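Read off the chains here:
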There are 2 protein chains.
Amino acid sequence: MDKIRSRSSARVTEPRQGAQAIRRALSVLRILAAGRENGVPLAEVVQVTGLTRPTVHRIVHVLIEEGIVERHDRTGRYAIGNQVPELALARPRPSPLLVAAGPSLRRASAEIGDTLFLTVRTGNDTLCVDRRIGAYPIQVLSIEVGARRPLGVSSAGVAILAALPAPDARKIVTANEKRFEGYRTDVATVLGEITAARRLGYGMREIGLVQGTKSISTWIKTPDGRPAAAMTVSAVRTRLGPRREQEVAEILLRETRAIEQAIRASA
Amino acid sequence: MDKIRSRSSARVTEPRQGAQAIRRALSVLRILAAGRENGVPLAEVVQVTGLTRPTVHRIVHVLIEEGIVERHDRTGRYAIGNQVPELALARPRPSPLLVAAGPSLRRASAEIGDTLFLTVRTGNDTLCVDRRIGAYPIQVLSIEVGARRPLGVSSAGVAILAALPAPDARKIVTANEKRFEGYRTDVATVLGEITAARRLGYGMREIGLVQGTKSISTWIKTPDGRPAAAMTVSAVRTRLGPRREQEVAEILLRETRAIEQAIRASA
DNA sequence: GCGTTGTTGTCCATATTATGGACAAAATAC
DNA sequence: GTATTTTGTCCATAATATGGACAACAACGC
């Protein structure tokens, strides 16, 4: 581990010590969260976190005893346990972002007709928090609410990274290096996509995570200038030619501004 | 800490070591969860967990850095952070219990007309996971979905304790001793209520948590005989005289059996 | 059946990490 | 203004978490 002193951007009080084990447990949890209901095999957690197997094993089993993690008997995979949603109930139900974005998502979805996603950043991951299905008969539904992927592998992730200060983005991308393999991409490619997104004003992937799909993402910023989320349209590639890409991007950018306004209003 | 070897009931593999810090962090989290949106002052966490202040302080602040806990600027209280619901999204949305209980809650609510609660046990707490408002114009709405209290202070808690093996119940009650003060009760009173509930077949509190209310709770068991939840009716005391208590209890017991059947069917 | 490979699980000596007593600084009450 | 309560920090020390090495088990091939 490296001792980082100060960041050029906002917060300066980052590195607090005396809780290595807790931090490790949390990074394990985040990997498990990426596995959703199916969970993740121990070996993969070891691989991705870079911790040793005994350590991961110990952490995971303590968390099982505590009800935070479950182990699927049949597959032996580890997954987020039911105590996590129970803890989550402590918070008021709909997040301010979802409230602020609701009307815009409805409008954009009606207007565009393809599947719309709202994705937030959580640590080094993107997390899909809302999805609206459009009227067009062919819809890209592969990504579900709750889906979690390393920042950088989806157009939403690229958009969010593009909206971050370059050094921060770079740091996240390199931190995710190990996890990129599973998505057939790498640090250089992602950095290239980020640069392209900055130039374009929105994130775009000709080759979506699903074969034959294309995605366009805009970034949504909080009043302090930090990216809060991304709004994404995914569709079969043939439906998003250059002309329509332009059209869709304009709608997304318009609604993005509306959401940013709504956030400001609610704060 | 004591070294428990074996339990008379089910699980025998309980005490795994090498993760004190993680367990402590989790017990802190559970206390914070009880504080809901408002959170809990540090001193209270210290008092209830029995940990030292430096330790709690360290844990809480690491969790803040990780996004698991938030500190409300104005009050200085600590609360569950937004990363917890994000992790929770990894699990499929409606819990099997909620699905199984849904129709029964609807029926019972329509029939009784007073507020109905579904409460689960989570560790040493009860957690309200569903609430149905009845048709009668005066409703007891003080307990909200997500509300968390020490097992023993509500009629639902008493019901769940009554359904547990006596030694387990006793252990939980003594573990909660410190927290009872805040609810104007104590170990002896709670143990008495549990015994009474076992005799009656359902839990009952003449003096509810809210002045002038009365509650009746039945316990719901999983196929293996462990209590999974409690179903509760709360109403102003005058509306629950001896005759109607009897009536309501019978409806609850009937629907309880229906839920138990539904759980068996879904397993 | 019996090696082979790829998992997961366990042990324990050791160094690293988390601990908590004591002290300090805010915030709040008086 | 001082007293009191609450939160925050330090650091020497002991207890805790660590990970190398080994073991058990499962899945596959033949």
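Keep in mind it's a predicted model, so treat the numbers as computed, not measured.

The rules behind the values
Residues numbered from 1 in each chain as written. Chains lettered and ligands numbered in written order. Predicted model: local features only at pLDDT ≥ 70, side-chain atom pairs only at ≥ 80, totals over all residues. Heavy atoms only, no water. Salt bridge = Lys/Arg side-chain N within 4 Å of Asp/Glu carboxyl O. Helix = DSSP H or I, 4+ residues; strand = E, 2+ residues; numbered from the N terminus. Buried < 20%, exposed > 50% of the residue type's maximum accessible area, 1.4 Å probe, protein only. Domains from an automatic or database assignment. Buried area = accessible area lost by both parts, 1.4 Å probe. Pairing = 2+ DSSP bridges. Axes fitted to C-alpha atoms, helices over the stretch in contact; angles between N-to-C directions. Near = heavy atom within 4 Å. Nonpolar A, V, L, I, M, F, W, Y, C, P; charged D, E, K, R; others polar. Contact = heavy atoms within 4.5 Å. Polar contact = N/O pair within 3.5 Å; in protein donor to acceptor, adjacent residues only side chain to side chain.

1. Observations regarding the pattern of salt bridges
Taken as a whole and judged by the stated rule, the model has 31 salt bridges over all chains. A salt bridge links Glu66 of chain B to Arg30 of chain A, with the shortest nitrogen-to-oxygen separation between them at 2.4 Å. Here Arg30 of chain A lies in helix H1 (residues 20–34) and Glu66 of chain B lies in the loop between helix H3 (53–65) and strand S1 (69–71), a pairing that spans two chains. Looking at Glu66 of chain B, the relative accessible area reads 15%, which means it is buried. Residues joined by salt bridges that share partners form a network here, namely Arg23 and Arg30 of chain A together with Glu65 and Glu66 of chain B.

2. What to know about the domain arrangement of chain A
Accessible area lost on assembly of the parts is the figure often given for the size of an interface. Residues and elements named next belong to chain A. Under the domain assignment, chain A is made up of domain 1 (20–88) and domain 2 (96–266). A C-alpha centroid distance of 27 Å is found between domain 1 and domain 2. Taking both sides of the interface into account, the surface hidden between domain 1 and domain 2 amounts to around 680 Å²; carbon and sulfur atoms contribute 47%. At the surface where domain 1 touches domain 2, the tally comes to one salt bridge.

3. Things to note about the sheet that holds strand S4 (residues 125–132) of chain A
Through backbone hydrogen bonds, the strands of a sheet pair up, either in parallel or in antiparallel fashion. Residues and elements named next belong to chain A. Read across the sheet, six strands follow the order S5-S4-S3-S8-S7-S6 without closing on themselves; strand pairing throughout is antiparallel. The open sheet terminates on both sides in strands that have one partner only, identified here as strand S5 (148–150) and strand S6 (203–205). This sheet shows a mean twist of 25 degrees between the axes of neighbouring strands, independent of strand direction. Here S6 pairs with strand S7 (residues 213–221) via three bridges, running antiparallel.

4. Observations concerning the protein's contact with DNA strand D
Every one of the 20 residues lining DNA strand D counts as a neighbour, but Arg58 of chain A together with Gln20, Ala21, Arg53 and Tyr78 of chain B are closest to it. The protein-proximal atoms of DNA strand D, defined as those within 4 Å of the protein, are 67% sugar or phosphate. Where the surface near DNA strand D is concerned, the elements lending two or more residues are H1 and helix H3 (53–65) of chain A together with helix H1 (20–34), helix H2 (42–49) and H3 of chain B. In terms of residue class, the surface near DNA strand D is made up of eight nonpolar, seven polar and five charged.

5. Describing the interface of chain A and chain B
Facing 48 residues of chain A, the contacting portion of chain B comprises 48 residues. At the junction of chain A with chain B, the criterion picks out eight salt bridges. Taken together, chain A and chain B are joined by 21 residue pairs in polar contact (both at pLDDT 80 or more). With eight residues, the single largest contributor to the side of chain A that touches chain B is H1 of chain A. Split into classes, the residues belonging to the side of chain A that touches chain B amount to 25 nonpolar, 10 polar and 13 charged.

6. Considering the pairing of strand S8 (residues 227–236) of chain B
Residue and element names in this part refer to chain B. Burial analysis of S8 places nine of its 10 residues in the buried class, which makes it a mostly covered element. Strand direction decides the pairing type here: strand S3 (residues 115–122) and S8, joined by six bridges, are antiparallel. Across the sheet, the residue bridging to Val120 is Ala229, located in S8. Of the pairings in the sheet, the one linking strand S7 (residues 213–221) to S8 comprises nine bridges and is antiparallel in character. Paired with Ser217 across the strands is Thr232, a residue of S8. Turn length for the S7-S8 hairpin, with the two strands adjacent in sequence and antiparallel, is five residues, and the turn residue Gly225 shows positive phi of about 90 degrees.

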